[in-house]
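Residue strings, one per chain:
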Amino acid sequence: MSGATTTSLSWWGRIQRWMNGGVLLPDDRKHLMLRDVPLLAVDLELTSLDPKKSKITSVGWVEGKAGSIEVSSCYYDVIRATGDLEQSPVIHGLTADTIAQGAHVKEALVKLSQYAQTHVWVLHNAGLDMAVLDRVMAANNISVSNVITLDTLKLAVYQLQKQHEVLPPNSATLTVCRQRHNLPLAPAHNALDDAMATLQLWFAQYYQLDPKGTLSLHDFTHTQAVGCRNLGKVENK
């Protein structure tokens, strides 16, 4: 393939990404209907908000689909971590002994990676959690490609920007977003509880925007809440 052709394809890819809200979805999945797509709500408890150095202290996830949560699919594990954990153990109710005896992060990430092609992942602040997952997976020689995500935080911002020129402080936190949708108060600072709370929030947000169930993943890209990226030792384009 000539250099000119390669450059042309690169530019076309950028144009497509811009037209699709900044994300390129795999052709075999972009037309999946949101009402039917299998979902995996994922949450990480982290030692900091810096994705370059943050450590994972626990991980939780749960499956769902079409407004239902599959409680039997719940997964939670404390992750072994050492060094400076900052205030994470205190905030998340974990003791130093519990963390020291936790599972190796690779064990949890291998299990999580099995959902990469079968489910769309739902996260609150996907940018942070996916950046941490990318770095930690790479460090553990794990790689998965084309992980599609739905970000309830970005979707909240999309909805709020229709009403406010300047967003009110803390208006996109998981707790406040749930309150706006009249969802009950949920336990906080536990990875599985937060994953459950995030999935409930997604269902509320989605049914508000698509009550007739006619939208596909591709149709939703204009909200900026849909993402797709490679994780670990795969070249991210």
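See the structure above.
My aim in this report is to walk through the structure given alongside it, one point at a time. (Residues numbered from 1 in each chain as written. Predicted model: local features only at pLDDT ≥ 70, side-chain atom pairs only at ≥ 80, totals over all residues. Heavy atoms only, no water.)

**What to know about the pairing of strand β2 (residues 56–65)**
Inference 1: Most of β2 sits out of view: eight of its ten residues are buried.
Inference 2: As paired elements, strand β1 (residues 39–46) and β2 share eight bridges and run antiparallel to each other. The residue of β2 that forms the bridge with Leu46 is Ile56.
Inference 3: Summarising the sheet, β2 and strand β3 (residues 68–78) pair through seven bridges and their orientation is antiparallel. (Buried < 20%, exposed > 50% of the residue type's maximum accessible area, 1.4 Å probe, protein only. Helix = DSSP H or I, 4+ residues; strand = E, 2+ residues; numbered from the N terminus. Pairing = 2+ DSSP bridges.)

**Focus on the nonpolar core**
Inference 1: If you look at the biggest cluster of nonpolar residues, it comprises 28 residues, and the most contacted ones within it are Ile56, Trp121 and Leu133.
Inference 2: Every element with two or more residues in this core is listed here: β1, β2, α4 (105–113), β4 (120–123), α5 (126–139) and β5 (143–151).
Inference 3: Per-element accounting of this core gives the leading share, seven residues, to α5.
Inference 4: The residues touching Ile56, leaving out its near neighbours within four places in the chain, are Leu44, Glu45, Leu46, Ile79, Ala81, Val105, Val132, Leu133 and Val136.
Inference 5: Of all hydrophobic cores here, the second largest spans 23 residues; its members include Val23, Val62, Ala195 and Leu199. (Core = buried A, V, L, I, M, F, W, Y, C linked by side-chain atoms within 4.5 Å. Contact = heavy atoms within 4.5 Å.)

**Quick look at the sheet that holds β3**
Inference 1: Judged by pairing direction, the sheet is mixed, and its six strands sit side by side in the order β3-β2-β1-β4-β5-β6 without closing on themselves. Strands at the two margins of the open sheet, each flanked by one partner only, are β3 and β6 (226–232). Between one strand and the next, the sheet's axes are offset by a mean angle of 30 degrees, whatever the strand orientation.
Inference 2: Alignment of β5 against β6, held across six bridges, turns out to be antiparallel. Bridge pairing in β6 places Ile148 opposite Cys228.
Inference 3: Set on the sheet, helix α6 (residues 152–160) makes contact with β4 and β5; between it and β5 the angle comes to about 35 degrees. (Axes fitted to C-alpha atoms, helices over the stretch in contact; angles between N-to-C directions.)

**Quick notes on α6**
Inference 1: Buried residues dominate α6, accounting for seven of its nine residues.
Inference 2: Those residues of α6 that sit buried are Thr152, Leu155, Ala156, Val157, Tyr158, Gln159 and Leu160.
Inference 3: In this structure, the buried side of α6 is in contact with β4, β5, α7 (174–180) and α8 (191–209).
Inference 4: Structurally, the start of α6 carries an N-cap: the backbone nitrogen of Leu153 is 2.9 Å from a side-chain oxygen of Asp151. (Polar contact = N/O pair within 3.5 Å; in protein donor to acceptor, adjacent residues only side chain to side chain.)

**Examining the packing of α6 against α8**
Inference 1: For the pair α6 and α8, the least separation of the axes is 10 Å and the interaxial angle reads 35 degrees. When you trace α6 past α8, the crossing you get is left-handed. Of α8, the residues touching α6 (which contributes Thr152, Leu155, Ala156 and Gln159) are Thr198, Leu201, Trp202, Gln205, Gln208 and Leu209. (Left-handed = near helix turned anticlockwise from the far one by under 90°.)

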